[in-house]
Each structure stands twice: as structure tokens, then as C-alpha cells.
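# A structural walkthrough
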Amino acid sequence: MEFVVVLIPIFFIFGIGFVGEKLLKFDTKPLSMMAIYLMLPFLAFETFYSTDFSFDYLMMAIYTIGLAFCLILVIYGIAFLKRYSLKKTCGMILASAFMNNGNYGTPLIFFAFGETGLRYAVILMVIQQLLMCTVGIYYAAKGSPNGGGVKIALKEVVKVPIVYGALLGIVFHFSQLPIEGTFMEAVSMVGNAAVPTIMIILGMQLAKISVKKLDLAPLSLSLGIRLFLSPVIAFAFTLILPIDDLLKQIMIVLSAMPTAANTTMYALKYDTEPQFVSSATLFSTVLSVITIPIVLYVSQVIYG
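Below, the structure is looked at part by part. Since this is a predicted model, take the numbers as computed values, not measurements. Here the residue numbers are simple positions, counted from 1 along each chain's written sequence. Whole-chain, interface and lining totals are the exception, using all residues; otherwise, since this is a predicted model, local features are given only for residues with pLDDT of at least 70 and side-chain atom pairs are given and counted only at 80 or more. No hydrogens and no water enter the side-chain calculation; it runs on all heavy atoms of the structure.

Here we take up the nonpolar core. In this structure, Met-60, Tyr-104 and Leu-108 are the most contacted members of the largest nonpolar core, which totals 93 residues. Top element by residues in this core is helix α5 (residues 101-142). It accounts for 21 residues. Among buried residues, those of type Ala, Val, Leu, Ile, Met, Phe, Trp, Tyr and Cys that are joined through side-chain atoms within 4.5 Å constitute a nonpolar core. Relative accessible area decides the class of each residue, using a 1.4 Å probe on protein chains only: under 20% of the type maximum gives buried, over 50% gives exposed, and in between gives partly exposed. Counting five residues, the second largest nonpolar core, distinct from the first, contains Tyr-49, Ile-179, Met-184 and Val-187. Secondary structure elements are taken from DSSP: a helix is a run of H or I of four residues or more, a strand is a run of E of two residues or more, and numbering for both begins at the N terminus.

Put into C-alpha cells, the structure is as follows:
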């Protein structure tokens, strides 16, 4: 029951955004831009500036990249057996290989594991964002009727401000450049405001998704991969990676997050199965109310 309680404040905040969007019809694009470009970089900066770097950072990168490519290989295998088109395969990858570590996973980890967990979650979020802005955009562009690929991905990755915030935090950390107390408080205020803001924005984005025609078989496969297979593969990684038990729990829980909201934007931008990816985002988020407490409980039993 305690694991369900963790989700209540999260979905309450999602609900604020959902209801607000339905009643007031906000334009979510400028709000998303504000959170991505003005707030998340400060959260990343503060996290990397104040953290003690360790071998765990390399392990987190290996885990994030390894998990994504394991899932992509699984999807390629399914696509081969089901004889999916290139566009359908790329849509499946967008819907299944990238989890919502940002406006869902990071707040959940904070509520479940506190400040220590939040630091791990932010680092994993930065790595995941970088992966989505390269590999994710590559597949979105690859499945587009207009084509695309590596050049587009490279152009997009240089636009990701959260990465620059993290890099600046690393530079300040290792240069031992002091930041005055009141100025650091201002940085913290902006960074701390990012978490509830992106949660409200996700609620707004979910309110905008329309489900007109469901392709049930591929959608069921996508949901199974995202919500069930992904944490199983993540658990396998935790068995071989030399990391502490708290980080192992966080890795497993984050791997079970629903489809990343950003992939819906990529699918719309490049016309790569946008309806399918949007449906996967909506249904995986709704189903996560059931699956996340189970994953939280199992991870706690294993590593708690």
C-alpha cells in the first residue's frame, strides 16, 4: 500500500495539468520550452556541481545505453517476425525503447527515495535525454517519409540545454569555483521549480493526446516491452554492475517508466507513426498506476 501512496501526489500533480488543459486550453509549447531551456539546466547544474563523482557515473551510462539498445534489438526481432515496415519499426522503437525519466521518473524517485535518490535520477535523466536526442531523433528521422538520420540527430543534440547545464556543473565542480550562498539559493530555487513544472506539463500533454484508431496488436507488444520487459532487462544489468543497492533499485524502477513524452513530439515532427506513439504514451502512463507499485515493491524486496 505504501508504494501506491507514493504515486498519489505524482498523479495529483499530473491531474492539475490535465484538468487545467481541458478547462483553460493552455498552449503547452512555450511552457515546455520554458521548463526545458530555463529550468532543467539549473537542476542539472546544481546536481553535478554539488555531487561527489564516482565510478557509479560510468555504470549509469553503461546501464542507460545498454538497456536502450537491448530493447531496440528486441524490437528489430519482432519487426522481422511480424514483417513490419521501416516506418512501423521506427515507431515501435520510439514507443518502447525510451522511458519517461524526466517529468515522471525523476519526481517518482524523489518521492520514493528522497534527495539521495533524486541526485541519481537527475544524472540518469541527463544521460537519457542525450540518448533520446541522438538515437531517438535518428529513428524518428529514419522512419519519416522525408528521410533523415545522423546529421539531423547531431544538429538536434547541440540544442539540448540540460547537457550544457550538466557540463557547466562538472566544470565548476572540478575547478572548485565557489558559488556564493544567496546566488546558489537562486539556482536551487529555479532547479527545484523544474520538477513540479514538468509534471504539470506532462498532465497537459496527456490531455492533448487523442486516440482515434488503435492498432491493438503492436500497441500491446509496445506496452509489454516498455512496462514489463524493460525492468526485467534492467534487473539483469543490476546483477552484473558493481553499484550500491539504492542505485540498483532506482535503475529498475526508472526502467519501468511509461513511454517518454518527448518521443511523441519527435514522432509528430517527423511524421513517424505519431498516432501510434501518442497512444503508447497515453496508455503506458495510465497502466503505470498498476505496474509501478509492483516494480517498486519487487525492487525493494530484492535490494531493500
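To find leftover empty space, one rolls a probe the size of a water molecule over the atoms. Lining residues are defined by having an atom within 4 Å of a point belonging to a cavity or pocket. Those points lie on a 1 Å grid over the protein atoms alone, cavities being sets where a 1.4 Å probe fits but cannot get out and pockets being open sets with protein on both sides within 12 Å along at least five of seven lines. Grid points are joined across faces, edges and corners, and a volume is the space filled by probe spheres set on the points. In total, this model carries one cavity of 30 Å³ or more according to the counting rule given. Empty space within the largest cavity amounts to approximately 30 Å³. Going through the elements one at a time, α3 (56-82) and α5 are the ones with two or more residues in the lining of the largest cavity. A total of three residues in the lining of the largest cavity trace back to one element, the largest contributor, which is α3.

The subject of this paragraph is the packing of helix α11 (residues 261-270) against helix α12 (residues 274-303). For helices, the fitted axis covers only the stretch in contact; all axes are lines through C-alpha atoms, and the angles between them, taken along N-to-C directions, range from 0 to 180 degrees. Remark: α11 packs on α12, axes separated minimally by 8 Å, with the N-to-C direction vectors making an angle of 170 degrees. Classified by the angle their axes make, α11 and α12 are roughly antiparallel. Taking contact as the criterion, the partners of Ala-261, Thr-263, Thr-264, Ala-267 and Leu-268 in α11 are, on α12, Pro-274, Val-277, Ser-278 and Thr-281. Gly counts as polar in this scheme, as do all residues outside two lists: the nonpolar Ala, Val, Leu, Ile, Met, Phe, Trp, Tyr, Cys and Pro, and the charged Asp, Glu, Lys and Arg. The residue inventory of the contact of α11 with α12, partitioned by class, reads five nonpolar, four polar and no charged. Put simply, angles under 35 degrees are roughly parallel, angles over 145 are roughly antiparallel, angles from 65 to 115 are roughly perpendicular, and the rest are oblique. Two residues form a contact once any of their heavy atoms are found within 4.5 Å.

The subject of this paragraph is the side chain of Asn-100. Among the structural elements, Asn-100 can be located in the loop between α4 (86-96) and α5. When its relative accessible area of 3% is taken as the criterion, Asn-100 is described as buried. Each residue touching Asn-100, except ones within four places of it in the same chain, is listed here: Gly-105, Leu-202, Met-257, Pro-258, Thr-259, Ala-260 and Ala-261.

Any carboxyl oxygen of Asp or Glu that lies within 4 Å of a side-chain nitrogen of Lys or Arg is treated as forming a salt bridge with it. Within this structure, the stated rule accounts for one salt bridge. The partner of Glu-273 in a salt bridge is Lys-88, and the shortest N-O contact between them spans 3.9 Å. In this pair, Glu-273 sits in the loop between α11 and α12 while Lys-88 sits in helix α4, placing the two residues 185 residues apart along the sequence.

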